[in-house]
Amino acid sequence: MDFNVKKLASDAGVFFSRAVQYTEEKLGQAEKTELDAHFESLLARADCTKNWTEKIYRQTEVLLQPNPSARIEEFLYEKLDRKVPYRATNGEILGQYMYEAAKEFGHGTPYGSTLIQVGDCQRRLGGAEREFLQTSSISFLTPLRNFLEGDWRTITKERRLLENRRLDLDACKARLRKAKAAEAKAAAVPDFQETRPRNYVLSASASALWSEEVEKAEQELRVAQTEFDRQAEVTRLLLEGISSTHVNHLRCLHEFVEAQATYYSQCHHFMQELRKELSSANRDISVRNFSDDPSAVSINSLSPEMEALQIEEVQPPTSGTRRAKVLYDYDAADSSELSLLADELITVYTIPGMDSDWLIGERGNQKGKVPVTYLELLS
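Residues numbered from 1 in each chain as written. Predicted model: local features only at pLDDT ≥ 70, side-chain atom pairs only at ≥ 80, totals over all residues. Heavy atoms only, no water.

### Some remarks on the overall build of the protein
Applied cut-off: A helix here means a DSSP run of H or I that spans at least four residues, while a strand means a run of E at least two residues long, and both kinds are numbered starting from the N terminus. A 1.4 Å probe rolled over the protein chains alone gives each residue an accessible area, and that area as a share of the maximum for its type sets the label: buried under 20%, exposed over 50%, partly exposed in between. In this analysis, two residues are considered to be in contact whenever any of their non-hydrogen atoms come within 4.5 Å of each other.
The helix and strand inventory of the protein stands at eight helices and five strands. Listing every helix and strand of the protein by position from the N terminus yields α-α-α-α-α-α-α-α-β-β-β-β-β. Counting every position in the protein, which comprises 379 residues, the buried fraction comes to 30%. Expressed as a percentage of contacts within the protein between residues at least 6 apart in sequence, the contacts between residues at least 24 apart total 69%.

Okay, here's the thing in structure tokens:
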């Protein structure tokens, strides 16, 4: 084993010199080379970028995968360079449960057929979520992680090296100051009246030694200054590259927003389709109930044209009307229903033979059926 004692001793000496310089700076007993204001601004900007990028990255991970155990599992698979096993989304699992329940209850029953419709919608919602997670991970999370694990580690390494070069430079400056002070003291005029002229010889010899020490310290200072300047330039270039990082992260942020907007748009479209399907299925059930029992004539068992005509002829009862606040927007499926806007107030009441899931709603001179689940009854 090649063991270089001289190199080990040299490295230990450098480390000790830096430690002494750092300690004296903290105690206020040594001068410190300050970086220029622009460089300090670049350092502060880089630190700010790193801190906020890390927070945004961690919270985006939580948003995309709320389960901490699943996040740890994905992290381990990534570090082991292995493919993450397939994991169904919550929507896909719920859809599968609804399919299985529909088989037990019977596809032909109203409940069973509705479970199939809702389960299919949940499955599509789960698929849209999976696509959103994959897109967001590639277009947004991966660039942020690459910055934290790549560019920032390089910047941190070069900054640490720059700090060491600064400590070496300041230590050389301190040695030069001490050598010059000793040289000046040794070069002081000796007292020739002393009985021992040997003092003059010793003083001249000491002065020559300190002159050599000053020259050596000046040479070390020039080398240290050159290394510091070179490292400062390397670090400055890396810090100025943070601007390019911001541009790249801005593009990734736009892609993340686009993916999120597409996902929510798909979810809204799927839910609108499901609501229309369920509304149509409810009318079909009402028609079948009417054909089975012709005497059970109600407002829910008529054709849309007859139903709209009958609703227009309905008069509100003398008592039993109530005010209601609309919780969500609702688009009327046909002319017998009344479209609603969230947070508006309407008057509602019921009539004999009407489905308990619906009420008659009035807004000014407009009138129509409204779903109870979209309302908050106030009085």
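### Overview of the pattern of salt bridges
Spelled out, the test is: Each salt bridge in this description consists of a side-chain nitrogen of Lys or Arg and a carboxyl oxygen of Asp or Glu lying within 4 Å of one another.
With the rule as written, the count across this model stands at 16 salt bridges. Linking E54 and K50 is a salt bridge whose minimum nitrogen-to-oxygen distance equals 3.3 Å. Taken together, the residues span about one helical turn, with E54 and K50 both in helix 2 (residues 37-64) at a distance of four residues. Here E233 and R236 are joined by a salt bridge, their closest N and O atoms 4.0 Å apart. Highlighted residues: E233 and R236, both in helix 6 (residues 198-240), separated by three residues, approximately one helical turn. Residue classification places E233 among the partly exposed residues on the basis of a relative accessible area of 40%. Through salt bridges that share partners, D120, R123, R124 and E273 make up one connected network.

### Focus on the sheet that holds strand 2 (residues 345-349)
What counts, and what does not: Only strands joined by at least two bridges in the DSSP assignment are considered to pair. What counts as an axis is a line fitted to C-alpha atoms, over the stretch in contact for a helix, and the angles between N-to-C directions run from 0 to 180 degrees.
A sheet is described by the order of its strands in space; here five strands give the open sequence 4-3-2-1-5, paired in antiparallel fashion. The open sheet terminates on both sides in strands that have one partner only, identified here as strand 4 (366-371) and strand 5 (375-377). Each neighbouring strand pair of the sheet contributes to a mean axis angle of 40°, computed without reference to strand direction. In the sheet, strand 1 (residues 322-326) pairs with strand 2 via four bridges, with the strands oriented antiparallel. Its bridge partner lying in strand 2, R322 is registered against V348.

### Looking at the packing of helix 2 against helix 5 (residues 110-186)
Stated formally: Each crossing gets its handedness from the near helix: less than a right angle anticlockwise from the far helix is left-handed, clockwise is right-handed.
It is at 10 Å that the axes of helix 2 and helix 5 come closest, and there the two elements cross at 150°. Viewed along their axes, helix 2 and helix 5 form a crossing whose handedness is left-handed.

### Some thoughts on the pairing of strand 1
Pairing of strand 1 with strand 5, which is carried by three bridges, proceeds in the antiparallel orientation. The residue of strand 5 that forms the bridge with A324 is L377.

### Focus: helix 2
Condition: Expected span of a helix, by definition, is 1.5 Å for each gap between consecutive residues, and there is one gap fewer than residues. Side-chain atoms alone can form a polar contact between residues adjacent in sequence; in general such a contact is a pair of N or O atoms within 3.5 Å, and within protein one must be able to donate a hydrogen while the other accepts it.
Its 28 residues give helix 2 an end-to-end C-alpha distance of 40 Å, which sits within 8% of 40 Å, the value for a rise of 1.5 Å per residue. Restricting attention to buried positions, one finds in helix 2 the residues F39, L42, L43, A46, T49, T53, Y57, T60 and L64. Here helix 2 starts with a cap whose side-chain oxygen sits 3.1 Å from the backbone nitrogen of H38, and that cap is D36.

### Comments concerning the confidence of the model for the protein
Applicable threshold: Per-residue confidence from the prediction method is given by pLDDT, with values spanning 0 to 100.
Residue-level pLDDT values for the protein average 81, and 78% of them are 70 or greater. Within the protein, the lowest mean pLDDT, 51, falls on helix 8 (residues 304-313), and the highest, 94, falls on helix 2. Note on residues 191-195: pLDDT under 50 across the span, and two contacts to partners over four residues away in sequence or across chains. For the stretch residues 289-299, pLDDT sits under 50, and the model shows 13 contacts to residues farther than four places along the chain or on other chains.

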